[in-house]
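Topology and contacts: notes
Take a look at the letters that make up each chain.
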Amino acid sequence: MTTKKYPIEANTKKKITELFSYRRLHDLLSIHNKQKNDPFTDQLMQVQYRIYMLDGFLESQWEIHKPDLKKYWDEIRSSLQQMDFGKNKVKDLLKEIKDYQQIERNCRKDKWPTKVSFKKFYTIKSCDVRLIRHLIYNSHPDLASLWNENAWKYYDLITEIHDDIEDLEEDINTYNGNRFLISLLRKGAEKTRDNYQQYLRKVTENAQKYFKDNLSKGKNKQLAEWTESRSIETIRLLNAKINSKAMDLLSDALLLKQMK
């Protein structure tokens, strides 16, 4: 099954490898010598692949009907069941994937992500990465002595924002619920820049406070450095994108034609 955004399986798997690297999932796996082509890593990548297929379908169609989604959800559930999770556990693991799907579907009801707070939206949007990380922690509980699983929340918020900004040109040609793109369309460039800068600084400050209090635990110093680095990188990208020729493409956005 292919979609407009994920047209070739090999390219999609390359994108997943890049995601695992950027989100430091490979760092977690490497602690237990789990590398590419390891059976457990392959299972994780298959879960992510199935989620991407659902994601790609949602982004390629404006009219979404519940029966159209079933095959994608069946494949996602199957990928988790192959990891020996029971039906009830699978339902629990996928709750936030459902929540994000609803945010995407709400766009079809003229309920846009800019009405959802930064924290709520980007927490839910990171659901796939947090699911994969949770599966890794579930398989290797000793990782909690290095990094509390919840300590990644700052890194996740910042990198999800980075993804929205970086994917702007790509998402102009899809029905992706990219909050950054939608903010540009509905609020303009300068208001969007100000809002995103303020939130990124807030997340960074909260991260700094957390890691200051927990710096001696496990490898928190390393995670603090990663988080700080991603914050600087994302603020630079935000300003570069706002000042780029991408702004000239906004009038061609597929979503703009659907806005009231």
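Structure first, text after, so check above.
Keep in mind the model is a prediction, meaning the values are calculated, not measured. (Residues numbered from 1 in each chain as written. Predicted model: local features only at pLDDT ≥ 70, side-chain atom pairs only at ≥ 80, totals over all residues. Heavy atoms only, no water.)

Listed as buried for helix α7 (residues 118-125) are Phe118, Phe121, Tyr122, Ile124 and Lys125. Take α7 and look down its axis: the buried residues cluster within an arc of 160°, on one side only. Exposed positions of α7 whose direction lies more than 90 degrees from the buried face are Lys119 and Lys120. Contacts made by the buried residues of α7 are with α6 (95-106), α8 (127-139), α9 (153-166), α11 (179-187) and α12 (189-214). (Buried < 20%, exposed > 50% of the residue type's maximum accessible area, 1.4 Å probe, protein only. Helix = DSSP H or I, 4+ residues; strand = E, 2+ residues; numbered from the N terminus. Arc of directions from axis to C-beta. Contact = heavy atoms within 4.5 Å.)

Turning next to the layout of surface pockets. Counted as a void, the second largest pocket has a volume near 580 Å³. Taken together, 24 residues line the second largest pocket, and the ones lying closest to its centre are Glu96, Thr123, Arg130, Asn150 and Lys153. Of all the elements in the fold, those that place two or more residues in the lining of the second largest pocket are α5 (87-93), α6, α7, α8, α9 and α12. A total of five residues in the lining of the second largest pocket trace back to one element, the largest contributor, which is α8. A class-by-class count of the residues in the lining of the second largest pocket yields nine nonpolar, five polar and ten charged. (1 Å grid on protein atoms, 1.4 Å probe; cavity = no way out; pocket = protein on both sides within 12 Å on 5 of 7 lines; lining within 4 Å. Points joined across faces, edges and corners; volume = space filled by probe spheres on them. Nonpolar A, V, L, I, M, F, W, Y, C, P; charged D, E, K, R; others polar.)

With that settled, consider the side chain of asparagine 220. Tracing the backbone shows asparagine 220 in helix α13 (residues 220-242). Classification of asparagine 220 by relative accessible area gives buried; the value is 3%. When residues no more than four places from it in sequence are discounted, the contact partners of asparagine 220 are Leu146, Trp147, Phe211, Asn214 and Leu215.

Moving on, we get to the environment of leucine 215. Tracing the backbone through its elements, the reader meets leucine 215 in the loop between α12 and α13. In contact with leucine 215, not counting residues within four places along its chain, are Asn220, Lys221 and Ala224.

The next subject is the packing of α9 against α13. Two numbers describe how α9 lies on α13: the axes approach to 9 Å, and their chain directions differ by 25°. Considering their axes alone, α9 and α13 lie roughly parallel with respect to each other. For the pair α9 and α13, the sense of crossing is left-handed. Each of Tyr154, Tyr155, Ile158, Thr159, Ile161, His162, Ile165 and Glu166 in α9 lies in contact with α13, whose residues at this interface are Leu223, Trp226, Thr227, Arg230, Ser231, Glu233, Thr234, Leu237, Leu238 and Lys241. Residue composition of the contact of α9 with α13, grouped by class: nine nonpolar, five polar and four charged. (Axes fitted to C-alpha atoms, helices over the stretch in contact; angles between N-to-C directions. Parallel < 35°, antiparallel > 145°, perpendicular 65-115°, else oblique. Left-handed = near helix turned anticlockwise from the far one by under 90°.)

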